[in-house]
Structures are given as structure tokens and as C-alpha cells.
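Structural features, examined
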Amino acid sequence: MTQDELKTLVGRAALKYVVPGEIVGVGTGSTVNKFIEALATMKDQVPGAVSSSVASTERLQAIGVRVFDLNEVGELAVYIDGADEIDGRGHMVKGGGAALTREKIVAAQSRRFICIADDSKRVEVLGRFPIPVEVIPMATQRLVRQFALQGGTATVRLKDGQPLVTDNGQHILDVTGLQVREPLAFETQVSQWPGVVTVGVFAHQKAAVCLLATPGGVQTIAY
Ligand code: 5RP
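Worth saying up front: this structure is predicted, and the values here are computed from it rather than measured.

A few words now on the side chain of T28. Looking at where T28 falls in the secondary structure, it is placed in the loop between β1 (24–26) and α2 (30–39). When its relative accessible area of 15% is taken as the criterion, T28 is described as buried. Of note is the side chain of T28, whose polar atom sits 2.7 Å from the side chain of S52. Leaving out residues up to four positions away in the same chain, T28 has contacts with S52, S53, S56, D81, A99 and E103.

This paragraph deals with the domain arrangement of the protein chain. The domains assigned to the protein chain are domain 1 (3–122 + 204–222) and domain 2 (131–199). In this structure, domain 1 and domain 2 have C-alpha centres spaced 24 Å apart. Contacts between the two partners involve 17 residues from domain 1 and, on the opposite side, 18 residues from domain 2. Across the domain 1/domain 2 interface, buried area totals approximately 1300 Å², and carbon plus sulfur atoms make up 51% of it. Taken together, domain 1 and domain 2 are joined by one salt bridge.

The next point concerns the nonpolar core. Residues V24, F35, L39 and I80 are the most contacted members of the largest nonpolar core, which totals 25 residues. Mapped by element, the contributors of at least two residues to this core are α1 (3–13), β1, α2, β4 (76–81), β7 (110–118) and β15 (209–214). The leading source of residues in this core is α2, at five residues. Filtering out sequence-adjacent residues up to four positions away, F35 remains in contact with G11, A14, L15, V18, V24, V26, I80 and I116. Of all hydrophobic cores here, the second largest spans 24 residues; its members include L76, I86, A98 and F202.

Within the open sheet, the four strands sit side by side as β9-β12-β8-β13. Their pairing is antiparallel. Here the strands that pair on one side only, and so sit at the sheet edges, are β9 (153–156) and β13 (196–199). When strand polarity is set aside, the average angle formed by the axes of neighbouring strands in this sheet is 30 degrees. Two strands pair when backbone bridges link them, and β9 and strand β12 (residues 171–176) are joined in this way by four bridges, in the antiparallel orientation. Bridged to T155 within β12 is D174. Running over the sheet, helix α5 (residues 140–149) touches β8 (131–135), β9, β12 and β13 and is turned about 15 degrees from β12.

What follows is about the site of the ligand. Lining the immediate surroundings of the ligand are 17 residues, of which S30, T31, D84, G95 and K121 lie closest. One of the side-chain N or O atoms of D84 is found 2.6 Å from an oxygen atom in the ligand. K121 is positioned with one of its side-chain polar atoms (N or O) 2.8 Å from an oxygen atom of the ligand. Against a free-state accessible area of 380 Å², the protein chains account for coverage of 91% of the ligand. Here the shell around the ligand is composed, by residue class, of three nonpolar, eight polar and six charged.

A few words on the environment of E134. Residue placement: E134 occurs in strand β8. Through-space distance from the C-alpha of E134 to that of L158 is 13 Å; in sequence the pair is 24 residues apart. Once you skip the residues sitting within four places of it in the chain, E134 turns out to touch L100, T101, T166, N168, Q170, H171, I172, G195, V196, V197 and T198. One polar contact links E134 to N168, side chain to side chain, over a distance of 3.2 Å.

Within the secondary structure, N33 is located in helix α2. Here N33 falls in the buried class, since its relative accessible area comes to 17%. Side chain to side chain, N33 and R59 meet in a polar contact 3.3 Å long.

Cut-offs applied
Residues numbered from 1 in each chain as written. Predicted model: local features only at pLDDT ≥ 70, side-chain atom pairs only at ≥ 80, totals over all residues. Heavy atoms only, no water. Helix = DSSP H or I, 4+ residues; strand = E, 2+ residues; numbered from the N terminus. Buried < 20%, exposed > 50% of the residue type's maximum accessible area, 1.4 Å probe, protein only. Polar contact = N/O pair within 3.5 Å; in protein donor to acceptor, adjacent residues only side chain to side chain. Contact = heavy atoms within 4.5 Å. Domains from an automatic or database assignment. Buried area = accessible area lost by both parts, 1.4 Å probe. Salt bridge = Lys/Arg side-chain N within 4 Å of Asp/Glu carboxyl O. Core = buried A, V, L, I, M, F, W, Y, C linked by side-chain atoms within 4.5 Å. Pairing = 2+ DSSP bridges. Axes fitted to C-alpha atoms, helices over the stretch in contact; angles between N-to-C directions. Near = heavy atom within 4 Å. Areas by Shrake-Rupley, 256 points an atom, 1.4 Å probe, with all protein chains shown as cover. Nonpolar A, V, L, I, M, F, W, Y, C, P; charged D, E, K, R; others polar.

Okay, here's the thing in C-alpha cells:
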């Protein structure tokens with residue numbers, strides 16, 4: 001099975017976590033795009049969605065799903081999103097699609113985070129994938145130095161040769177060379193550094209369930 005087929009499989013499997021009658025939280029990325037395609041089949045059963053990015057909003061609207069502002073809604077029953085990495089406790093690295101800040105906000109307002117991933121995303125220790133960090137541009141170089149003190153190498157993510165600008169008008173640092181053995185402590189610490197908008201380690205907003213697509217089918221892992 002190709003990775004694309006695995007993503008389709010797990011995108012469809014996530015439908016069973018959508019609660020009829022309830023607004024659903026929707027993440028960002030190629031796996032979520034498969035979920036959005038599948039959601040078209042039950043769009044009449046939900047009042048709408050809260051989206052974590054402009055890209056997902058456009059896809060949701062294209063299939064006729066109403067997109068609510070987070071400020072208009074209360075707690076969401078579920079938030080469905082992908083991950084760049086997930087460990088054995090449901091901690092994740094996210095932000096490969098640069099949507100980490102809105103993803104963390106919507107996840108924080110949701111009762112359950114349902115992570116949809118293929119089995120290439122499973123890791124023992126977070127940090128194999130570069131850790132995305134959304135930053136205020138004026139703080140970039142001091143944060144690069146701060147990560148270097150921790151043993152990491154932070155580089156500004158580029159798009160068309162220029163710093164990528166997020167949906168929130170900020171920049172992304174991708175940090176390599178760190179092994180995150182204590183995700184909760186790491187997230188707490190880095191979140192406090194001036195200039196950090198959001199660190200892409202999701203330990204406080206970890207997954208409640210991971211639907212993991214493998215060639216043998218979709219495994220359900222509850223944490
Ligand atoms: C976007 C994300 C994505 O969920 C993550 O990058 C996984 O993406 P994909 O499903 O394309 O592998 O965090 O900011």
C-alpha cells in the first residue's frame with residue numbers, strides 16, 4: 001500500500017469519531033485532506049467545523065461544510081488532525097504544514113484529540129522530524145541561539161526563497177538535533193521563551209486516540 005492509500009484509509013476511519021449533531025474540529029495536512037474528502041459523505045449530519053488553517057477552511061467550504069470561528073462555539077467534542085511524529089504516550093510533533101498555532105488552539109478547546117497518521121509517524125522519542133516553532137520574526141536570531149544552547153540547530157523555514165509567513169503573519173523555525181525525552185517539560189519551557197508563539201510539541205494537548213494506518217489495516221491506540 002502506498003502512503004497516500006494509507007492516508008485515505010485512516011482519513012475514512014476517522015469518520016466514526018465525528019459526533020452527529022456536533023461541530024467537529026479539523027486539523028491541517030495531507031492526511032486531514034483525506035478526512036475532509038471522507039467528511040463530504042456525512043456533511044449533512046454535522047452543523048459544521050472549526051478549522052485550523054486557511055487551507056483546511058477552503059477545502060471544507062468547497063465540500064459545503066460551514067466553517068465556524070472558534071469564538072462562536074463552545075467546547076468541541078473532537079478534534080481530528082494528523083501529526084509529524086507520535087510517541088507511545090500520544091505526545092506529538094506537529095507543524096510540518098505550518099499550522100501548529102491554530103492547531104494547538106483548536107485542540108485545547110476540544111475534549112478529545114483524534115490523531116490520524118500512517119505508521120511512518122510512530123517514534124520512540126520525539127525529535128527525528130525537525131521540531132517546528134512559530135516565532136515572532138524580530139526574535140528569530142535570539143531563538144536560534146537559544147536552541148543552540150540546548151544542542152539544537154534552528155533554521156528559518158523558507159518558501160520561494162523567502163521566510164515562510166504563517167496564517168498568523170509569523171515565521172517558522174525548524175529545529176533539528178534535539179531528542180525530546182520529556183515532552184511536557186520541553187513544551188512548557190520553550191513556550192515561555194520570549195518571541196515563541198507556539199512550539200510544535202503537543203504534550204499538553206496530546207492525542208487521546210491515534211488511528212494508525214498500517215498495511216494490515218487501521219490500528220486504534222488509546223492513551
Ligand atoms: C500541519 C500539521 C500536520 O498535521 C502534520 O504536518 C502532518 O501532515 P501530513 O498529514 O501531511 O503528513 O501539523 O501543521
